[in-house]
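Secondary and tertiary structure notes
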Amino acid sequence: MSKRPNVQLMILLATHGLWAFLITLWNDFFAFLPIYFYMVGIFAILPATRLDFPRGFTCAVLSGCFLDAAFPTPFGFHACLLAIACVALRAIDEETLISRRRMPVVAALIINFIFFTSLHAWFTFQTPQGGEILHGRACIDLICSEVLLVIAFPWLIDLHKAFLNLAGMEKAIIQNSAS
């Protein structure tokens, strides 16, 4: 745990705010295809693994509010589900399962799948006569979102570490290019 946990919370919120902004830009750019990228699973991992429970829970709820404002979803959808995911991840992380090398990506993929299917079910119940269009497109959106999540997850971790380095909370690792 850091000496300045509130600063780390603010840095993580800034990372999540920037990431939510970039996802909305990405979706606007690819709107002509039409592919909709939904990568919310990323927002649950860092608060559960990098912060203590009260700050991680707060970060998950506030990040969910960012996402509720950025995506065409019912308000409170992401905030509630990210809070539940944070509690579940903290319970799992007590066994240090998430801390293993590949487990954060797998956990993000599972959370993303659960969020995506629950949001798709909500949209299907809202428009029952147009559900056939949603089902065909949902499969492509889910596959593209999961692939992009695997590609973008290491970049988000590096972005968070860069923000921590900028705030002086983590020392930068300098690699020697001569060796």
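On a predicted model such as this, the values are computed, not experimentally measured, just so you know.

**Observations concerning the packing of helix 1 (residues 5-29) against helix 3 (residues 53-70)**
- Interhelical geometry of helix 1 versus helix 3 gives an angle of 20° and a closest axis separation of 10 Å. In terms of orientation, helix 1 and helix 3 fall into the roughly parallel class. Read as a crossing pair, helix 1 and helix 3 show a hand that is right-handed. Contacts from Pro5, Asn6, Leu9, Leu12, Leu13, His16, Gly17, Ala20 and Thr24 of helix 1 reach helix 3 at Arg55, Cys59, Leu62, Ser63, Phe66, Leu67 and Ala70.

**Here's the deal with the confidence of the model for the chain**
- Mean pLDDT for the chain: 81, with 83% of residues reaching 70 or above.
- Ignoring residues within four places in sequence, the model shows residues 172-179, a span with pLDDT below 50, making 1 contact including any to other chains.

**Considering the nonpolar core**
- With 43 residues, the main nonpolar core has Trp19, Tyr38 and Leu82 as its most contacted residues.
- Residue assignment for this core shows that the elements contributing at least two residues are helix 1, helix 2 (42-50), helix 3, helix 4 (77-93), helix 5 (103-126) and helix 6 (131-166).
- Ranked by residues supplied to this core, first place goes to helix 6 with 9 residues.
- Not counting the four nearest positions on each side in its chain, tryptophan 19 is found in contact with Met39, Ile42, Phe43, Ala152, Trp155 and Leu156.

**Here's the deal with the pattern of salt bridges**
- Taken as a whole, this structure holds 2 salt bridges when the rule is applied.
- For the salt bridge of arginine 55 with aspartate 52, the shortest nitrogen-to-oxygen distance reads 2.8 Å.
- Owing to a relative accessible area of 22%, arginine 55 belongs among the partly exposed residues under this scheme.
- Its salt-bridge partner being arginine 137, residue aspartate 141 comes within 3.3 Å of it at the nearest N-O pair. Residue aspartate 141 and its partner arginine 137 are both found in helix 6; the two are separated by 4 residues, about one turn of the helix.
- The partly exposed category is assigned to arginine 137, whose relative accessible area is 37%.

**Concerning the packing of helix 1 against helix 2**
- Viewed as axis vectors pointing N to C, helix 1 and helix 2 meet at an angle of 170°, and their least axial separation amounts to 11 Å. One finds that helix 1 runs roughly antiparallel with respect to helix 2. Contacts between helix 1 and helix 2 involve Gln8, Leu12, His16, Trp19, Ala20 and Ile23 on the former and, on the latter, Ile42, Phe43, Leu46, Pro47 and Arg50.
- When its residues are assigned to classes, the contact of helix 1 with helix 2 shows 8 nonpolar, 2 polar and 1 charged.

**Description of the packing of aromatic side chains**
- Applying the stated criterion across every chain, the model contains 11 aromatic pairs.
- Arranged with centres 6.3 Å apart and planes meeting at 85°, the rings of phenylalanine 29 and phenylalanine 32 form a pair that is edge-to-face. For the pair phenylalanine 29 and phenylalanine 32, a shared accessibility class is recorded, and that class is exposed.
- Between the aromatic rings of tryptophan 122 and phenylalanine 123, the centroid separation amounts to 5.1 Å while the plane-to-plane angle is 65°, which identifies the pairing as edge-to-face.
- The exposure class of tryptophan 122 is partly exposed, given its relative accessible area of 32%.
- Since its relative accessible area comes to 29%, phenylalanine 123 is described here as partly exposed.
- One aromatic cluster in this structure is built from Trp26, Phe29, Phe30, Phe32 and Phe37.

Here is what the cut-offs are and how they apply
Residues numbered from 1 in each chain as written. Predicted model: local features only at pLDDT ≥ 70, side-chain atom pairs only at ≥ 80, totals over all residues. Heavy atoms only, no water. Axes fitted to C-alpha atoms, helices over the stretch in contact; angles between N-to-C directions. Helix = DSSP H or I, 4+ residues; strand = E, 2+ residues; numbered from the N terminus. Parallel < 35°, antiparallel > 145°, perpendicular 65-115°, else oblique. Left-handed = near helix turned anticlockwise from the far one by under 90°. Contact = heavy atoms within 4.5 Å. pLDDT = per-residue confidence, 0-100. Core = buried A, V, L, I, M, F, W, Y, C linked by side-chain atoms within 4.5 Å. Buried < 20%, exposed > 50% of the residue type's maximum accessible area, 1.4 Å probe, protein only. Salt bridge = Lys/Arg side-chain N within 4 Å of Asp/Glu carboxyl O. Nonpolar A, V, L, I, M, F, W, Y, C, P; charged D, E, K, R; others polar. Phe/Tyr/Trp six-rings, centres within 6.5 Å; stacked < 30°, edge-to-face > 60°.

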